Amino acid sequence: MNALRAGGAAFLATWRAMLGDTGALMLLFAGGLVYSFFYPLPYARESVQRVPVAVVDQDHSALSRQLTRFAQAHPSVNVVAVTPDLREAQDLLWRNQIAGTLFIPAGLQGKVLSGRQAEVEIAGNGVYMMLNKAVLNGLAEAVGTVSAGIEVKRLSAASPSPAQALAQRQPLGFNAVALFNVREGYGAYVVPGVAVLIVQQTLLLAITLMFGSWVERGGFPVRRDLPGYFGMLFAFASVAVINSAYYFGFVMWWQDYPRGGNPLGLALFVPLFGLAVAAFGMLLGSWFRTRERSAQLLLCAAMPLMFLSGLSWPLEALPEPLLALRWLVPSTPGIQGFIALNQLGARLPEVAAEAAGLGALLLACVGLGLWRWKKAG
Amino acid sequence: MASETPRVTLSETQAPVARGFAAVLRREWQRLRADAWDLAMLGWIPLLVCALTWWIFSAGIARDVPVVVVDHDRSALSRSLVRMLEQAPGIAVVGQPASEAEALQWLRERRAYGVLLVPRQLQQQLLTGRAASVQWFYNGQFSAHVGGLTRDVRTVVSTLSAGAELTAREKRGASVVQARQQFEPIRLRLVSLYNENANYEAFLALAVIPSMLQIFITLAAVTAIGRELKAGSVPQWLAAAGQRWGTALAGKLAIPALAFTLHGLLFVLFFSQVRGWAVEGSAAALLVGVLLLVTAYLAVGTLMIAATLALRTALSMAAFVTAPAFAFSGQGFPLMAMPPLARGWAEALPLTHYLQLQSRHWLAGAPWAYGVGDLLVLAGFTLAAGLAGGWLLKRRALSPAAWGRT
């Protein structure tokens, strides 16, 4: 009972210390708030449309004009230049004024009319993957439509019905359907993962900043004993819970991202994540002697941590040692687990691996953290 | 005093400037040697973080991304479809669940990123000349995984489809060549310029490493100057420089400038010489760009600490500007699709201009003339932020009120 009361006192003392430290407050609450609007900002439109392209038309035929018209009509691309000159297209590409070209060689129409092999080339700028994809898909569909029209005309001369002609043209159809992030929005893909990272990084920054300044000042606001440790742990974890509630409850809804798959699962996963991050932060904090040092280190760790989570880069391509090492930070199971629960609507057993990972990390960090805590106390 | 004896002052001021610069440099070097962490932030830590980033993407292309097949047909055709999928290097068929519900569970557990659904009677329908189709359900939330995956699965299916079509044509008596030409009047050749295989080592690692460097560069400038303010040692620093702010700043930033220029060179050399991503265009434009990226962010860092006069506040500001800069740089999500506010912010970041320059001259092979605009912008950032920062420091940093803030 006494330990419980002491723990409660440490909990309150930690909260008082957080509220009394402007720097920590900025990180703990203002940071998350600002980032929640700032980070999704570039992705507000979610996808690219009307990507500028050039048509290099060396055929000057009715067919090449038809191809150009169909390209112009496609919503993914916007024909900003028609030229016979490849060098002009290259110049536009280097100036970033176009992201791809449709190359129509001389003699195309003649070949098509005489039933010989005819080919057009579609090139996208592979350095910018989203633009490249839009250019290749958009122009391929436009050319495909023109090509199919010619083919169906040919086939219907030989087949009794248009339906039969179509079936002959493509006997095995391919129907691709996106699940979960059904609109395939870019922000909807990136921001839910980044949100978890923001919750983690702002809390880690604040904890290590406060630890650093307590060491600088030579005094902790709580006793360095068992109840003191756990009181402080729960206080820091409660901040992660508040920030998670804000991101998963408000931001996902405000940005209209796929969300709300499994609220009950969240109710268990959020505190687990919060505790793991808090314990991780208190362990980390025990090594910092100045107020600012941790900021420098944590800042440059954010991007690699994101790439290690397996969201923006497939785990199948990670080197073996990193596949194991990545479990040493809460963001790895955190990002995967929250995306599964929030965006994929996973049930709890489907995030069992992540929950186990967080649990193990929590135990390890509490064990080590307590040892450092008492040693210093 | 300069107006009275101009001839003498020229030689007299030059020597003190050089002496002052050397004194500040020495002072800074001693300070760095006394602080292993600050030195590490210029040396092995950026190296380690950049090496880690490269290591993450070193495979370049994801192979064997797991998918499952729900095969309701269980025919020779569906089995050959599975075999063809397995042979595609990007795909690994990791399971054949019995139902759609079970397949969905594979997706939610992230043990597979796509499900190919083969309907009942697929083979039967194709044999009798009717069209049929397979469904490909993929996890749209993991877009990096499924981009290549969808392309590969589509290729397999259309290969199978083309085979079926050719067989049907030949049955009706057309020659193979004739049949081939008939079914695709206009053939398509799709080319991804400069990065044909969608290699992530070129696409991401090459852009992410300068994005990490700009964080370190800004931090270095903020920390170097901020520490003097925090400790209240600005007068000593300025005294070493012979009371010249220009000399004081130059001496202080010379070591980080050198360190990060070396990091930048190492980055270019490693990828172009060791990893085989040759500089296809103007190496000169690229290298000047690296140098200007360093000076631009040193200037930006100087302006941040000069504007705030508090190390921690300036660090927060540096974090706010540099940490999300990659998201705004247009490498992942295109600049042209950003709303005006985001686009404006993106254009105000030196990183955006540097990365465009890098893409253009490194991978896309552009001659130097195409980089002049971005180089001028980077030089402009250096001058404007550097001068503004220097001016603010000169005006405010000597006041004791500016010292010791946290």
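Cut-offs applied
Residues numbered from 1 in each chain as written. Chains lettered and ligands numbered in written order. Predicted model: local features only at pLDDT ≥ 70, side-chain atom pairs only at ≥ 80, totals over all residues. Heavy atoms only, no water. Helix = DSSP H or I, 4+ residues; strand = E, 2+ residues; numbered from the N terminus. Rg over C-alpha atoms; globule rule 2.2 N^0.38 Å. Buried < 20%, exposed > 50% of the residue type's maximum accessible area, 1.4 Å probe, protein only. Expected span 1.5 Å × (residues − 1). Contact = heavy atoms within 4.5 Å. Buried area = accessible area lost by both parts, 1.4 Å probe. Salt bridge = Lys/Arg side-chain N within 4 Å of Asp/Glu carboxyl O. Polar contact = N/O pair within 3.5 Å; in protein donor to acceptor, adjacent residues only side chain to side chain. Nonpolar A, V, L, I, M, F, W, Y, C, P; charged D, E, K, R; others polar. 1 Å grid on protein atoms, 1.4 Å probe; cavity = no way out; pocket = protein on both sides within 12 Å on 5 of 7 lines; lining within 4 Å. Points joined across faces, edges and corners; volume = space filled by probe spheres on them. Axes fitted to C-alpha atoms, helices over the stretch in contact; angles between N-to-C directions. Parallel < 35°, antiparallel > 145°, perpendicular 65-115°, else oblique. Left-handed = near helix turned anticlockwise from the far one by under 90°. Phe/Tyr/Trp six-rings, centres within 6.5 Å; stacked < 30°, edge-to-face > 60°. Pairing = 2+ DSSP bridges.

### Focus on the overall build of chain A
Point 1. Secondary structure assignment for chain A yields 14 helices and 5 strands.
Point 2. The C-alpha atoms of chain A give 29 Å as radius of gyration, which overshoots the globular expectation for 377 residues (21 Å, by more than 25%).
Point 3. For the C-alpha atoms alone, the extent of chain A along its principal axes is close to 95 × 45 × 40 Å.
Point 4. Buried residues in chain A amount to 60% of all 377 residues.

### A few points about helix H17 (residues 372–396) of chain B
Residue and element names in this part refer to chain B.
Point 1. Taking 1.5 Å per residue, 25 residues should reach 36 Å; H17 reaches 36 Å between its end C-alpha atoms and fits that length.
Point 2. Taken residue by residue, H17 has Asp374, Leu375, Leu378, Phe381, Thr382, Ala385, Gly389, Gly390, Leu392 and Leu393 as its buried positions.
Point 3. Turning to H17, the residues buried within the fold contact helix H9 (200–231), helix H11 (245–274), helix H12 (283–308), helix H15 (340–347) and helix H16 (350–363).

### A word on the interface of chain A and chain B
Point 1. Of the residues lining the interface, 111 residues belong to chain A; the matching set on chain B comes to 119 residues.
Point 2. Note on chain A versus chain B: buried area summed over both sides is about 10100 Å², and carbon and sulfur give 65% of it.
Point 3. On the chain A side of the contact with chain B, Trp94, Leu172 and Phe174 of chain A bury the most area, a combined 9% of that side's loss.
Point 4. For the interface between chain A and chain B, the tally reads 5 salt bridges.
Point 5. The closest approach of N and O atoms between Arg108 of chain B and Glu350 of chain A, which form a salt bridge, is 2.8 Å.
Point 6. At the boundary of chain A and chain B, one finds 39 residue pairs in polar contact (both at pLDDT 80 or more).
Point 7. Looking at which element gives the most residues to the side of chain A that touches chain B, the answer is helix H6 (residues 129–158) of chain A, with 13 residues.
Point 8. Looking at the side of chain A that touches chain B residue by residue, the class counts come to 68 nonpolar, 23 polar and 20 charged.

### Remarks on empty space enclosed by the protein
Residue and element names in this part refer to chain B.
Point 1. Inspection of the entire model under this criterion finds 4 cavities of 30 Å³ or more.
Point 2. Roughly 140 Å³ of internal volume is contained in the largest cavity.
Point 3. Lining the largest cavity we find 15 residues, and of these Asp38, Leu42, Ala220, Thr223 and Arg227 sit closest to its centre.
Point 4. Within the residue set of the lining of the largest cavity, elements represented by two or more residues are helix H1 (6–34), H9 and H11.
Point 5. Per-element accounting of the lining of the largest cavity gives the leading share, 6 residues, to H9.
Point 6. Tallied by class, residues from the lining of the largest cavity come to 8 nonpolar, 2 polar and 5 charged.

### Points about the layout of surface pockets
Point 1. The space that makes up the second largest pocket amounts to roughly 840 Å³.
Point 2. Along the walls of the second largest pocket sit 25 residues, with Ala301, Leu305 and Val329 of chain A together with Leu48 and Leu52 of chain B positioned nearest its centre.
Point 3. Elements with a contribution of two residues or more to the lining of the second largest pocket: helix H8 (186–217), helix H10 (263–285), helix H11 (293–308) and helix H12 (320–325) of chain A together with helix H3 (44–57) of chain B.
Point 4. It is H11 of chain A that provides the largest number of residues to the lining of the second largest pocket, a total of 7 residues.
Point 5. Residue composition of the lining of the second largest pocket, grouped by class: 22 nonpolar, 2 polar and 1 charged.

### Digging into the pattern of salt bridges
Point 1. With the rule as written, the count across this model stands at 21 salt bridges over all chains.
Point 2. Notably, a salt bridge pairs Asp85 of chain A with Arg87 of chain A, separated by 3.6 Å at the nearest N-O pair.
Point 3. On the accessibility criterion, Asp85 of chain A (28% relative accessible area) is partly exposed.
Point 4. Taken together, the shared-partner salt bridges connect Arg27, Glu28, Glu228 and Lys252 of chain B into one network.

### Remarks on the packing of H10 of chain A against helix H13 (residues 331–342) of chain A
All names here are of chain A.
Point 1. In contact at an axis separation of 10 Å, H10 and H13 are set at 165 degrees when each is read in the N-to-C sense. It follows from the interaxial angle that H10 and H13 lie roughly antiparallel. Two packed elements cross with a definite hand, and for H10 against H13 that hand is left-handed. Packed against H10, whose contacting residues are Gly265, Leu266, Phe269, Val270 and Phe273, the element H13 presents Pro333, Gly334, Gly337, Phe338, Leu341 and Asn342 at the interface.

### A short note on helix H2 (residues 22–38) of chain A
Point 1. In this model H2 of chain A runs just 21 Å from its N-terminal to its C-terminal C-alpha over 17 residues, more than 12% under the 24 Å that 1.5 Å per residue would give.
Point 2. The set of residues buried in H2 of chain A consists of Gly23, Ala24, Leu27, Leu28, Gly31, Gly32, Tyr35, Ser36 and Phe38 of chain A.
Point 3. For H2 of chain A, the elements touching its buried residues are helix H1 (2–20), H8 and helix H9 (226–254) of chain A together with helix H13 (311–322), helix H14 (325–328) and H15 of chain B.
Point 4. At the N-terminal end of H2 of chain A, a side-chain oxygen is found 3.0 Å from the backbone nitrogen of Gly23 of chain A, two or three residues along, and the residue is Asp21 of chain A.

### What about the packing of H8 of chain A against H13 of chain A?
In helix packing, the relevant descriptors are the interaxial angle and the interaxial distance, both defined with respect to the helix axes.
Residues and elements named next belong to chain A.
Point 1. Put simply, H8 and H13 touch, their axes get as near as 9 Å, and they point 140 degrees apart. If you check the angle between H8 and H13, you find them oblique. Crossing angle aside, the handedness with which H8 passes H13 is right-handed. Where H8 abuts H13, its residues Pro192, Gly193, Val196, Leu197 and Gln200 lie against Ser331, Gly334, Ile335, Phe338 and Ile339.

### A word on the packing of aromatic side chains
Point 1. This structure, assessed with the given rule, holds 40 aromatic pairs over all chains.
Point 2. On the numbers, 5.3 Å between centres and 40 degrees between planes, the contact of Tyr186 of chain A with Phe333 of chain B is tilted. Pair noted here: Tyr186 of chain A is in helix H8 and Phe333 of chain B is in the loop between H14 and H15, and the two residues belong to different chains.
Point 3. Look at Tyr186 of chain A and you get buried, because its relative accessible area is 16%.
Point 4. For Phe333 of chain B, a relative accessible area of 1% gives the class buried.
Point 5. Ring centres 4.6 Å apart and planes at 40 degrees place the aromatic pair Phe248 of chain A and Phe338 of chain A in the tilted group. With Phe248 of chain A in helix H9 and Phe338 of chain A in helix H13, the pair connects residues that are 90 residues apart, well separated along the chain. For the pair Phe248 of chain A and Phe338 of chain A, one class covers both residues: buried.
Point 6. Among the aromatic residues, ring-to-ring pairing joins Phe37, Tyr246, Tyr247, Phe250, Trp253 and Trp254 of chain A into one connected group.

### Looking at the side chain of Gln336 of chain A
Point 1. Assignment of secondary structure puts Gln336 of chain A in helix H13.
Point 2. Sequence-distant contacts of Gln336 of chain A, defined by excluding residues within four places in its chain, comprise Ser309, Gly310, Leu311 and Glu354 of chain A together with Arg110 and Phe142 of chain B.

### A closer look at the sheet that holds strand E5 (residues 172–179) of chain A
Point 1. In space, the 5 strands of this open sheet follow the order E5(A)-E4(B)-E3(B)-E1(B)-E2(B), with mixed pairing throughout. Pairing within the sheet leaves two strands with one partner each, and these edge strands are E5 of chain A together with strand E2 (91–95) of chain B. Here the average twist between neighbouring strands, direction ignored, is 30 degrees.
Point 2. The pairing of strand E1 (residues 65–71) of chain B with strand E3 (residues 114–118) of chain B spans 4 bridges and is parallel. Counted as the bridge partner of Val70 of chain B is Leu117 of chain B from E3 of chain B.
Point 3. Each of E1, E2, E3 and strand E4 (132–139) of chain B touches helix H4 (residues 76–87) of chain B; the most contacted strand, E2 of chain B, lies at about 125 degrees to it.

### Points about the environment of Gly115 of chain A
Point 1. Structurally, Gly115 of chain A can be placed in the loop between helix H5 (108–113) and strand E4 (118–125).
Point 2. The sequence separation of Gly115 of chain A and Lys153 of chain A amounts to 38 residues, and the corresponding C-alpha distance is 13 Å.

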